[in-house]
Number of protein chains: 2
Amino acid sequence: MEFDRNCMRGFPLEELTSEQDASLRQAAATCGAWAVTMTAAAGSGHPAGSLSSMHMYLAVYGVADSTPERFNERDRDYVVVSHGHTSPGAYAALGWYGFFDPEDAMAHFRQAGSAFQGHVERSVPGIDWGSGNLGQGLAAGVGFALAQKARNTSGHVYVLMSDGEQVKGQIAEARRAAISHGLRNITVLVDYNHIQISGRIEKVMPSNIRGLWETDGWLVRECDGHDPSGLYHALKEASASDLPTVILCHTVMGKGVSFMEGVPDYHGKAPSGELYDKAMREMDASRRLLETAKEKRKTGTGPLFVERQVPPVFVETGKPRSYDPDILTDNRSAFGAALADIGKMNRCGKGSPVLVFDCDLASSVKVDAFSRECPEWFMEMGIQEHATATTAGAASCAGVASLWADFGVFGLSEVYNQQRLNDINGTNLKLVLTHVGLDVGEDGMTHQCIDYLGLLRNTFGWKLLVPADPNQTDRMVRWALARPGNVCIAMGRSKIPVVQTPDGKAFFAEGYEFSYGGLDVVRAGKDAAVVCMGHTVRMALEARAILADSGVDAAVYHAGCPLALDRASLEPALRTGNVVTIEDHHVKTGLGSIVQGVAADSDTGDLSLSCLGVSRWGDSGASRDVLAGMDLTAAAVADRILER
Amino acid sequence: MEFDRNCMRGFPLEELTSEQDASLRQAAATCGAWAVTMTAAAGSGHPAGSLSSMHMYLAVYGVADSTPERFNERDRDYVVVSHGHTSPGAYAALGWYGFFDPEDAMAHFRQAGSAFQGHVERSVPGIDWGSGNLGQGLAAGVGFALAQKARNTSGHVYVLMSDGEQVKGQIAEARRAAISHGLRNITVLVDYNHIQISGRIEKVMPSNIRGLWETDGWLVRECDGHDPSGLYHALKEASASDLPTVILCHTVMGKGVSFMEGVPDYHGKAPSGELYDKAMREMDASRRLLETAKEKRKTGTGPLFVERQVPPVFVETGKPRSYDPDILTDNRSAFGAALADIGKMNRCGKGSPVLVFDCDLASSVKVDAFSRECPEWFMEMGIQEHATATTAGAASCAGVASLWADFGVFGLSEVYNQQRLNDINGTNLKLVLTHVGLDVGEDGMTHQCIDYLGLLRNTFGWKLLVPADPNQTDRMVRWALARPGNVCIAMGRSKIPVVQTPDGKAFFAEGYEFSYGGLDVVRAGKDAAVVCMGHTVRMALEARAILADSGVDAAVYHAGCPLALDRASLEPALRTGNVVTIEDHHVKTGLGSIVQGVAADSDTGDLSLSCLGVSRWGDSGASRDVLAGMDLTAAAVADRILER
């Protein structure tokens, strides 16, 4: 009787029959052969870890409510592969369950242009999170689980991990977050084969794996990771548990291939020739798999599948708040007020859940009002920024709006790679950075985030918004929350004046609508141009006044979307022939550098371009003193214009 | 009888007498008044945590062999303040022990231009590690302890931490590293007051603090953190322990000031007016402290002290190895060979210890030969990059040479903020990044470090070296290890040809000596210039050959020190009027951006400048295919030159 590949899905069975168990053992051998063939066809990859995890993959993809038909839906089970280098194992199991033709994976694994990257990516159907940098998967799983919980679905999350990565700190952070948020819908499987690249895990970096999970409050179960019945039993028990559960799966690295078993060298080495043939014999498979794969590899790079869909999210963002010209407030407060508005509106309406993440700075980053309006959507994560970045990112891919507010140094500098991986994963995170630039109050250099533009510029998808005042902040926040994609909004700490029109009205209020790109023409001018960003608009306006006294008519352009600056938007400024940029950011990696790039690329004729910004680690003091100490003043701007 | 402020140093006493105990309690009140006055004078800062830690500071600075006379020496005790926001407490205790005049700290705390930053910095005598971003201090302490152990000194390391930061993952990493390396010379004190910014730690992010330290193998002791005798006893016991010890010090936030005790709001709020006066009365101090401080504050920004000295390190770097033009090898192997040479030479000679850190990639990053030559200097850290970055950085400030080799994504992208903090701390780390750019083999986009230049450019001190071939790699490695400062050497994975002179000799061998700055003029040319970096020199040379067929004489300049490029070095290239840059790096944040900046800043006349680089997340495949897929080829370079 043929094995029903859906027989385990949703745990309908009390336990597996011996026939079902035997079928899955046979499937593991078949998939093992596919996985080893992938590495052999590519001439690289990670066969032994794939074999180690193979029964785990078959068990998890067998029970999870994530099928070839449903894997792109919003409300379902999610499966995260944290040890992304075991991609051949994951691809083989997904192939076996019909997500795609396994021959395509064997043919095109690690081939430039193919979907089947060396480490799992969301380009492959059934892969919910791209990984490869170890230690990140659990936090992603927590994000999916929080989103499913907020949506009141029955969705369960499975995270597969290696044992070597257990020492990575981010894992402990995510573990605590799961407990703190009362998650019951997450199960972790650890491939406990005791081998990492450099040898036995007990030698490379000893850790009490079981003890650490227990100490952080998880339910721990152990089983033979190559026993389908045991795995099914443990998964079923975990799915009904009141606590998040980790299953330590005792496995053998390279299981099923005698010369790979327990040999660290096969962590990342593909077998070839005689050894490949031997592996196939031992797994009862044909060596012709490889010939077929190699032939097919010559014909192209395989299917690219459908572009990963963004699960729809509906957020009402309401009407903007306007701040009168006589008001002095900080952008943080304007953000907090807009966010609280949005929370209130969507909580009562039909909007999607809006999850707001905080790392113990709620009152400083002004998400405290939101936390009072929508306590069930407020996600306190403690001082655990690495897990938070990944958790908030993953949540944003699972049917909720997701926003994380933190100081710039913590929300971006500290977790740059997590935000880079969010970009790779195509998440939809809204990242609000307060306390950027030197404008952090008296906290000093460790707290000065002078690299937010310079960091995000290394990615490809992140949008960066830098509001000039509270009115623009309000509008940018509402704009961002209504849209997919990763958007960062960066602001300083201080109270700042409302930007005004020449006739004293609020510039970014009535008649202003934010759209991404271009420059805000705050003042026209024909003799020179000051291009500013964020709160430095005040200095630019003051410089304009100083220059007017010298008979120089200087334009003031505000770059609220600096990463989108192009030749067309900068053309009028460059045409004046006398341009100064001013930014509360590292002078070499920010706005000035972008303007230089456009200028170098344009036929600008005779141009004087001078860039003012942060040129050393800053002092600790009142923001105005720290800025002045860095020569970031209206007078300095005017001097540069006049020096021409 | 006056209290002898050195009576505890080195633990000469069995226990404190009741008079000594009473004197220290009085000192805590005095220092508490100073600390609160600092925040009152500045109008900001963190008084309550400072009071909570005050007895701990007095105990630790009292027992530690780090005195006003010896704090800048190499072999001594080190004290790390991980909860850097309690700087007023640390400054007060240091003042009390005579490191400087406490009046200066009271007058100039958080004043722009002063040494007394809001979070502790190494600009203040007695502060061994600048912190403020929580969770980083233990890893720094481990670095100091490893260095002292490698130097065979009796130096002990004390780390003071808060309880709120205990959930940060990096701490767990550092804890395991201490056990794994058998450290006995480190003692941690946790200020266990149960309060963090957002409330009680049990509510914000629950964690089993004692259980986590025990599970990771540390000896745990508990004591009353406001009891000098108990603290002395616990510290003495810890100093003699065979295991690293953590002392959980039970404290009261805001201890000694009734209205601050246990009130989260005073985490970061300075008292003023009546409340300040009340605080002084309760601590038996004069409210005139504040008047004096305010008066003095008007007179300047206080002493800047002596620039922190780099403890001398002597590393023999030997003679360069030369690779013949007919050899095809990878830069990683050239690095590994040079490092093994240096290890061997210094191990037998009189050189300083050379500590080499690895995160489970020894054979891939080629530090395996070194690990065999110098096993006692080889620091295996497991997959724990955050702790490693900080540990390796701190070690480099304590009398050893310190080098960390890792894939680019792990050694920099993942730990960008730790490398930024190393810059702020003025460390002397040598960071060798292999697998940078798209040249990572088939590992795919998560492993492609296309931002190494773009990231380091956000700092002020880091030097970046990008070798063109194995010969230049060898010379750069030897150069870097002989010098202080933070230096990163970035290289790809593939075997590459030796760069040759026009007459077929090795370009970077005989007659070549590396010095920092400038461009390598690989080929002169008058019609156009290709400016390349690292392995793209091969494409540049091939493009030159293609162009020669079209009658175009193109120069080839190699930028081995891209962050040092300036107008003078680029002038000859720009003068050709037709420049193409090519880099295996994000095209917007790397070499091209630097050249654009110089061009925008120069009077270049009619210039065509075109930049080739990485413009999307890369494919997974053979490096040459991945590069070609990104249009990074000799043909593309030639086309751009000819398009002009």
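Residues numbered from 1 in each chain as written. Chains lettered and ligands numbered in written order. Predicted model: local features only at pLDDT ≥ 70, side-chain atom pairs only at ≥ 80, totals over all residues. Heavy atoms only, no water.

1. Here we look at the overall build of chain A
- Tallying secondary structure elements over chain A gives 24 helices and 20 strands in all.
- Dimensions along the principal axes, computed over C-alpha positions, put chain A at roughly 90 × 50 × 45 Å.
- A sequence separation of at least 24 residues applies to 79% of the contacts in chain A between residues at least 6 apart.
- Of the roughly 20000 Å² of accessible surface on chain A, 48% is carried by carbon and sulfur atoms.
- The centroid of the 59 positive side-chain charges in chain A is displaced by 2 Å from the centroid of its 78 negative side-chain charges. (Helix = DSSP H or I, 4+ residues; strand = E, 2+ residues; numbered from the N terminus. Contact = heavy atoms within 4.5 Å. Areas by Shrake-Rupley, 256 points an atom, 1.4 Å probe, with all protein chains shown as cover. Lys, Arg positive; Asp, Glu negative; His and termini not counted. Charge placed at Lys NZ, Arg CZ, Asp CG, Glu CD.)

2. Quick notes on the interface of chain A and chain B
- Counting from both sides, the interface comprises 98 residues of chain A and, opposite them, 98 residues of chain B.
- Buried area between chain A and chain B, both sides added, is near 7700 Å², and the carbon and sulfur share of it is 54%.
- Across the chain A-chain B interface, the total number found is 6 salt bridges.
- If you look at where chain A meets chain B, you find 63 residue pairs in polar contact (both at pLDDT 80 or more).
- With 7 residues, the single largest contributor to the side of chain A that touches chain B is helix 17 (residues 416–424) of chain A.
- By residue class, the composition of the side of chain A that touches chain B is 30 nonpolar, 45 polar and 23 charged. (Buried area = accessible area lost by both parts, 1.4 Å probe. Salt bridge = Lys/Arg side-chain N within 4 Å of Asp/Glu carboxyl O. Polar contact = N/O pair within 3.5 Å; in protein donor to acceptor, adjacent residues only side chain to side chain. Nonpolar A, V, L, I, M, F, W, Y, C, P; charged D, E, K, R; others polar.)

3. A word on helix 9 (residues 228–239) of chain B
Residues and elements named next belong to chain B.
- Spanning 12 residues, helix 9 covers 16 Å between terminal C-alpha atoms, matching the ideal 16 Å at 1.5 Å per step.
- Within helix 9, the full set of buried residues consists of P228, G230, L231, Y232, A234, L235 and A238.
- Packing partners of the buried residues in helix 9 comprise helix 1 (18–42), helix 2 (47–63), strand 2 (157–162), strand 3 (186–192), strand 6 (219–224) and strand 7 (245–250). (Expected span 1.5 Å × (residues − 1). Buried < 20%, exposed > 50% of the residue type's maximum accessible area, 1.4 Å probe, protein only.)

4. A short note on the packing of aromatic side chains
All names here are of chain A.
- Applying the stated criterion across every chain yields a total of 42 aromatic pairs over all chains.
- Relative to Y232, the ring of F11 lies with its centre 5.7 Å away and its plane at 50 degrees, an arrangement referred to as tilted. Residue F11 is located in the segment before helix 1 (18–42), and its partner Y232 is located in helix 9 (residues 228–239); the two are separated by 221 residues in the primary sequence.
- For F11, a relative accessible area of 12% gives the class buried.
- Residue Y232 is classed as buried on the basis of its relative accessible area of 1%.
- Ring centres of F100 and F116 lie 5.1 Å apart, and the angle between their planes is 65 degrees; this geometry places the pair in the edge-to-face category. In this pair, F100 sits in the loop between helix 3 (87–96) and helix 4 (102–108) while F116 sits in the loop between helix 4 and helix 5 (137–150), placing the two residues 16 residues apart along the sequence. In this pair, the class of F100 matches that of F116, namely buried. (Phe/Tyr/Trp six-rings, centres within 6.5 Å; stacked < 30°, edge-to-face > 60°.)

5. Quick notes on the side chain of A:Q472
- Residue position: A:Q472 is located in helix 19 (residues 470–481).
- Sequence-distant contacts of A:Q472, defined by excluding residues within four places in its chain, comprise A:V466, A:P467, A:F508, A:Y512, A:D520 and A:H558.

6. Points about unusual backbone geometry
- Look at A:H435: it is not a glycine, yet its phi comes out positive at around 60 degrees.
- Relative accessible area serves as the criterion here: at 3%, A:H435 is assigned to the buried category.
- The residue B:R110 is not glycine, and still its phi comes out positive at about 60 degrees.
- Secondary-structure assignment places B:R110 in the loop between helix 4 (102–108) and helix 5 (137–150).
- Given the relative accessible area of 3%, B:R110 is considered buried.

7. A short note on the sheet that holds strand 16 (residues 520–523) of chain B
Residues and elements named next belong to chain B.
- The 5 strands are arranged 16-18-17-19-20 in an open sheet whose pairing can be described as mixed. The open sheet is flanked by strand 16 and strand 20 (608–614), the only strands paired with a single partner. On average, each strand axis in the sheet is inclined to that of its neighbour by 20 degrees, with strand direction left out of account.
- Where strand 17 (residues 528–532) lies against strand 18 (residues 554–558), 5 bridges are found, and the strand directions are parallel. Note on strand 18: the bridge partner recorded for V530 is V556.
- Packed onto the sheet, helix 22 (residues 591–600) meets strand 17, strand 19 (578–586) and strand 20 and runs at close to 145 degrees relative to strand 19. (Pairing = 2+ DSSP bridges. Axes fitted to C-alpha atoms, helices over the stretch in contact; angles between N-to-C directions.)

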